[in-house]
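Next come the chains, spelled out residue by residue.
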Amino acid sequence: MLYLSWIFLWLVTGVKIKGFNISDCSTKKILWMYSVKSEEEFFLFCDLPEPQKSHFYHRSQLSPTQGPGHLPCSGIKDLSDVQWYLQPQNGGLLEEITENYPHIIQDKSTLRFLTAGMNNAGSYICRPRIRSPQDEACCVKTILEVKPKTNTSCVSSVSHKQYLLLGSTDSIYCPSLSCQSDAQSPEVTWYQNGKLLSEKRSNPILVDEIYDYHQGTYVCDYTQWDNASSWTVRAVVQVKTIVKDTNLKPDILDPVKDTLEVELGKPLTLNCTARFGFEKDFKSVIRWYVKDSDQEWEVPTPEGKSVKSTLKDEVIERVVLLKEVTQSDLRRKFICFAQNSVGNTTQSVQLKEKKGVVFLYILLFTVMMLAGVLAAGALLYTYWIEIVLLYRTYQSKDETLGDNKEFDAFVSYARWRSFESEATSSLSEENLALNLFPEVLENKYGYTLCLFERDVAPGGVYAEDVVSVVQRSRRGIFILSPSYINGPSVFELQAAVNLALDDQTLKLILIKFCSFQEPESLPHLVKKALRVLPTVTWRGLKSVPPNSRFWTQMRYHMPVKNSKGFMWNHFRIIPRIFSLEKTSKTETTGRSSQPREG
Amino acid sequence: MATEPVEDNCISFVEMKFIDNTLYFVENLESDYFGKLEPKLSIIRNLNDQVLFINQGNQPVFEDMPDSDCTENAPQTIFMIYMYKDSLTRGLAVALSVKCWKTSTLSCENKIISFKEMDPPENINDEGNDIIFFQRSVPGHDDKIQFESSLYKGYFLACKKENDLFKLILKEKDECGDKSVMFTVQNN
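These numbers come from a predicted model, not from an experiment.

A. Region of the structure containing the overall build of chain B. Within chain B, the regular secondary structure consists of one helix and 15 strands. Taken over 188 residues, chain B has a buried fraction of 41%. As displayed, chain B has an accessible area near 10800 Å², and 46% of this comes from carbon and sulfur atoms.

B. Structural context of the overall build of chain A. Summing up its helical and strand segments, chain A has 13 helices and 29 strands in all. Burial analysis of chain A (598 residues in total) assigns 41% to the buried set. Counting only contacts in chain A whose residues sit at least 6 apart along the sequence, the fraction spanning at least 24 positions is 70%. Total accessible area on chain A stands at roughly 35000 Å², and carbon and sulfur atoms take up 56% of it.

C. The arrangement of the state of the cysteines in detail. Residues and elements named next belong to chain A. Counted according to the given criterion, the structure contains three disulfides over all chains. The disulfide partner of Cys 46 is Cys 126, and the gap between their sulfur atoms is 1.7 Å. Judged by the torsion about the S-S bond (80°), the Cys 46/Cys 126 disulfide is right-handed. On the criterion of sequence distance, the pair formed by Cys 46 in the loop between β2 (42-44) and β3 (82-87) and Cys 126 in strand β7 (residues 122-128) is long-range, its members being 80 residues apart. The two residues Cys 46 and Cys 126 agree in class, both being buried. One disulfide bridge connects Cys 174 with Cys 220, the sulfur atoms lying 1.7 Å from each other. On the S-S bond that ties Cys 174 to Cys 220, the torsion sits near 80°, and the link is right-handed. Placement of the pair is Cys 174 in the loop between β10 (170-172) and β11 (189-192) and Cys 220 in strand β14 (residues 216-226), with a sequence separation of 46 residues. Summarising the burial analysis for this pair, Cys 174 and Cys 220 share the class buried.

D. Fine view of the packing of helix α4 (residues 384-394) of chain A against helix α11 (residues 549-557) of chain A. All names here are of chain A. Where α4 meets α11, the axes come as close as 9 Å, and the angle between the chain directions of the two elements is 55°. It follows from the interaxial angle that α4 and α11 lie oblique. The interaxial crossing formed by α4 with α11 has left-handed handedness. Contacts from Trp 384, Ile 385, Glu 386, Val 388, Leu 389 and Arg 392 in α4 reach Arg 549, Thr 552, Gln 553, Arg 555 and Tyr 556 in α11. For the contact of α4 with α11, a count of residues per class yields five nonpolar, two polar and four charged.

E. Broad picture of the packing of aromatic side chains. Going through the model one piece at a time under the given rule, you end up with 20 aromatic pairs over all chains. Judged by centre distance (4.2 Å) and plane angle (15°), the ring pair of A:Trp32 and A:Phe42 falls under stacked. In this pair, A:Trp32 sits in strand β1 (residues 26-34) while A:Phe42 sits in strand β2, placing the two residues 10 residues apart along the sequence. Residues A:Phe550 and A:Trp551 carry aromatic rings whose centres are separated by 4.9 Å and whose planes lie at 80° to one another, so their mutual orientation is edge-to-face. With a relative accessible area of 2%, A:Phe550 lands in the buried category. Ring pairing ties together the aromatic residues A:Trp32, A:Tyr34, A:Phe42, A:Phe113 and A:Tyr124, which thus form one cluster. When the ring centre of B:Phe156 is taken as reference, the NZ or CZ atom of B:Lys173 above it lies at 5.0 Å.

F. Representation of the interface of chain B and chain A. Across the boundary between the two partners, chain B contributes 17 residues, which contact 14 residues of chain A. Summed over both sides, the interface of chain B with chain A buries roughly 1300 Å², with 56% coming from carbon and sulfur. Of all residues in chain B, B:Pro139, B:His141 and B:Lys179 bury the most surface against chain A, accounting for 33% of the area lost on that side. Here A:Lys312 ties to B:Asp142 by a salt bridge, and the two come within 2.7 Å at their closest N and O atoms. With three residues, strand β12 (residues 141-149) of chain B is the single largest residue contributor to the side of chain B that touches chain A.

G. Geometry of the pattern of salt bridges. Using the criterion set out here, one finds 25 salt bridges over all chains in the structure. A:Asp408 serves as the salt-bridge partner of A:Arg474, at 2.5 Å between the closest nitrogen and oxygen. Taken together, the residues A:Arg474 in strand β27 (residues 473-480) and A:Asp408 in strand β25 (residues 407-412) connect sequence positions 66 residues apart. Its relative accessible area of 6% is what places A:Arg474 among the buried residues. A:Asp408 gets classed as buried once you look at its relative accessible area, which sits at 0%. The partner of B:Lys144 in a salt bridge is B:Asp143, with the nearest N and O atoms 4.0 Å apart. What makes B:Lys144 buried here is its relative accessible area of 8%.

H. How the structure looks around unusual backbone geometry. With an omega dihedral of 5°, the bond running from A:Asp254 to A:Pro255 counts as a cis peptide bond. Topologically, A:Pro255 is positioned in the loop between β16 (251-254) and β17 (259-262). Here A:Lys108, not a glycine, exhibits a phi torsion of approximately 60°, which is positive. Tracing the chain through its elements places A:Lys108 in the loop between β5 (104-107) and β6 (110-113). Using a relative accessible area of 69% as the deciding quantity, one classes A:Lys108 as exposed. Backbone geometry places B:Lys111, a non-glycine residue, at a positive phi of 65°. Along the chain, B:Lys111 turns up in the loop between β8 (102-107) and β9 (114-116). Using a relative accessible area of 37% as the deciding quantity, one classes B:Lys111 as partly exposed.

I. Layout of the confidence of the model for chain A. Confidence in the prediction of chain A, expressed as mean pLDDT, is 80, and 82% of residues score 70 or more. Counted against residues more than four places away or in other chains, residues 586-598 of chain A, with its pLDDT under 50, gives 15 contacts.

J. Looking closely at a nonpolar patch on the surface. On the surface, A:Leu379, A:Leu380, A:Tyr383, A:Trp384 and A:Ile387 cluster together into a nonpolar patch covering about 480 Å² of accessible area. Its place among the elements puts A:Leu379 in helix α3 (residues 355-382).

K. Representation of helix α5 (residues 429-444) of chain A. The sharpest bend along α5(A) comes to roughly 40°, located at A:Phe437, with the proline A:Pro438 sitting one to four residues further on. Just downstream of α5(A), A:Gly446 is the residue with a positive phi angle, here 75°.

L. The sheet that holds strand β26 (residues 449-450) of chain A, seen in detail. The five strands lie next to each other as β26-β25-β27-β28-β29 (chain A), forming an open sheet whose pairing is parallel. Only two strands of the sheet have a single partner each, and these edge strands are β26 and β29 (535-537) of chain A.

Rules of the game
Residues numbered from 1 in each chain as written. Chains lettered and ligands numbered in written order. Predicted model: local features only at pLDDT ≥ 70, side-chain atom pairs only at ≥ 80, totals over all residues. Heavy atoms only, no water. Helix = DSSP H or I, 4+ residues; strand = E, 2+ residues; numbered from the N terminus. Buried < 20%, exposed > 50% of the residue type's maximum accessible area, 1.4 Å probe, protein only. Areas by Shrake-Rupley, 256 points an atom, 1.4 Å probe, with all protein chains shown as cover. Contact = heavy atoms within 4.5 Å. Disulfide = S-S within 2.5 Å. Axes fitted to C-alpha atoms, helices over the stretch in contact; angles between N-to-C directions. Parallel < 35°, antiparallel > 145°, perpendicular 65-115°, else oblique. Left-handed = near helix turned anticlockwise from the far one by under 90°. Nonpolar A, V, L, I, M, F, W, Y, C, P; charged D, E, K, R; others polar. Phe/Tyr/Trp six-rings, centres within 6.5 Å; stacked < 30°, edge-to-face > 60°. Lys NZ or Arg CZ within 6 Å of the ring centre and 35° of its normal. Buried area = accessible area lost by both parts, 1.4 Å probe. Salt bridge = Lys/Arg side-chain N within 4 Å of Asp/Glu carboxyl O. pLDDT = per-residue confidence, 0-100. Patch = residues over 30% accessible without salt bridge, like charges linked within 9 Å, V, L, I, M, F, W, Y side chains within 5 Å. Bend = angle between axes of the 7 residues up to and from the residue. Pairing = 2+ DSSP bridges.

Below you can see the structure in the form of C-alpha cells.
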C-alpha cells in the first residue's frame, strides 16, 4: 500500500527522483555569509576525487568509511560531466537540479547561485552522469548553510565587485575576511574561474602587474572551526580589469558638417554618434537640443544605444526622428551634445533646403517658358493676318487719307481667254473678278474697286487706260493663271510693277487662281515680281464664302481704312445717324468713272 | 579626432602634409591584400629584457645584452619591421627581416620558426601568409606587443627556454596568462 502511494506520489509530482545511497559520499560543509545590500553570486564546485592524484584538495573530504584500497571514480572518464541534486533541509527526496530551477545555473561542473537567500541552504550532491556500478560511491555532498552578514561585525567591508587597473599593481581582497585583522588571517584557498590557484594562499592576493587575463570570478575559501566540525567559509569576487579613466572629452564622430541638405515635407533622421573614453563610474550623456532664435530646448528622443564597446572606448548613437521637415525646421539649429566627467562637446546642424530641388524647378520653369514662347510664336505666325486685322480695327490710322487716290484696288484678270481652257471646274476667273470680288470686297467690306469693264470708259487707248487706273489705285489685284500669264493681260502686271517701283503707296497682290508655268518670254522684272510679291492662293469653292481664309488674307493686303462708315460697315451696325454719312461717303468715292486725263 | 593623442600610440608610416585644410600623402600608396610600406628599424626584447637577434646558426634567440652591446652587435640585433597595408582590418600586418650580409625574413611555416633568405615581397595576394604577423598591443599595456601569425590563428611568437638557449618559437597562448608572448619594440 505504501509502495503504491509512493509510486503515485512520484507520478503526481513528475519530478525525477533518484534514490541512491548518499552516505558514501565525501562530505563538505560550506558557509555562505551574504550581505543583504549587495548582489552576490555563489559557486559550488564538484571536486570529485581524481583517480591519478593521491591527495585531495580539501582536508575534510575523506569519509571515514573509505579505505585507501579502492579509489572511487577510478572508472570515470569525464569527471566534468556531472549531475547535481538537492536534498531539501526538511529532509525528503533528492531532486535533480535542472535548467528550470530558479536562480541556479549549472556551468559545466560548477553550480552557480545567482541570488542570495536563506532558501538556498540545503545539501547538494554531485556525481558523474555516466558511471558504472562500482563507482556508485563517486559523489560529493556539500552541506550549504546560508547566513546573513550582521552589521555589527565590522565597519568597512570589501565589495564583491573589484576593479583592477591594467598595468598597475593591486590586490584582490576576500570579502569574507575583510573584518579580520592581519594577525588572525587564516590560510585562504583561491580559485580563479573554477581553477585552483595553488600559489596564492593569503588574503589579499597581490598582483604585481595586472593584465587582462587577471579578469574573472575569484572564489576565496578559508576554514572556520566550530566546536567539533569545520566549516569552509566561501565568498565570491567578480574582478574586472579596466584602464584608467580617460582625460579626454567625448568626440562627436557624426555629424561632421554644419549644414545638411534636406527636402521639405519628407521625414528626416538626424543621427549623432559620439565616442566616449573609458570611465569606471560615469554614465555618458548624449542629447539632442533644438535652438530656435533665443530659445533652446531638449528634443525627446529614444535613449542612446551603444554601437561599439571596446576596452578603452564606447561609441554611442542617439537619433532624432522628424516625421516631416517643415519650413520652421529650416530656421532652427539642431545641436548634438555629448558630455562626460572631463567636459562636453557640441556639434550643431543647420538644415538647408536641397538646392537641387529648387534648381529643378527653375529648370522646369525655363523650359516651360521656352515652350510657351515657341507655341506663342507658332500661333502668331499662323494667325498673323487675323491679329493684324484685329489690330487695325482698333487703331485709328487710315492710310487712305490724303493720298489722292480714287480706288482702293483695281482688279486685273485674263480678259481675253483662249478657247482651249473653256472648261473650268467651278468658278471662272472672269466670274471671280467681276462678280465675287465686288460682292465681297465692296459690299461687305466697303472697299472701292476698279474694274475695267465697269469703271473705265470705252474708247480710250488701252495702255494709257491701264497706267491711269494703276496710278489712281492703292492696290493692284492680279488673278494669275496660265491664260493670264501667256495672254496679253500680263502687260497690266508689267505696267503695275514698273509704276510700283516709283510709287510707295502702290502695293501689288497676286492671286494664284491655278498653277501655271512661267514662260521664258516674260520680262525679267515681271519674273522677279512673281517671285517676290505677296501671293494669295485661291482654293476654289472653299474660298468662295466671304469669311474664308482667302478673304481674310485679301483684307490683310488691302489698304488700312478706319473711316467711320468703313468701321460700321465692318460690324454691320448701322445706326441711323451714321447711315447718312455713309451714303455721302460712297457718293464721293463712288463707282462713277472719273474723267481721264487724256 | 582626439585633442591630445596618447604618447606612443601613433605610428608614422607615411609622410603627410597638411596644406589648406587638405591632407596630402607624400608617397603614392597602393592598396592590396598586403602592400608593403617603409620599414622601421627596431630592437625587439622579451619581458625579461633579453634582446632578440639572429645568431651564427641563423636562429632567432634571446640574450641579455646591455645597450652598448646592442648597437655593437648590429646588424644582427636590428630587425626591420616592414608594415603592410591590409585590405581587412585585423591589426597591423608586419614582416620581420634582418639584414646580416644577406636579408633574411622570419617565417612560421609549419608552425616552426625559421629565417628564410628573402626580401619581404612588395605585395602578397593572400589572406594569410607565413611571414606576415599581426602586431597588436597588449590590452591595457600599450608598450607591450604581441605578434600573432596570419596563417595560424591563435598562434603567437613567444620566447621559450630550451637547454641554455632562449629561443623564439610559435605557440598557442596559455589561457591563464602568458607573458612569454609579450615583447617590447624599441624603434631606432
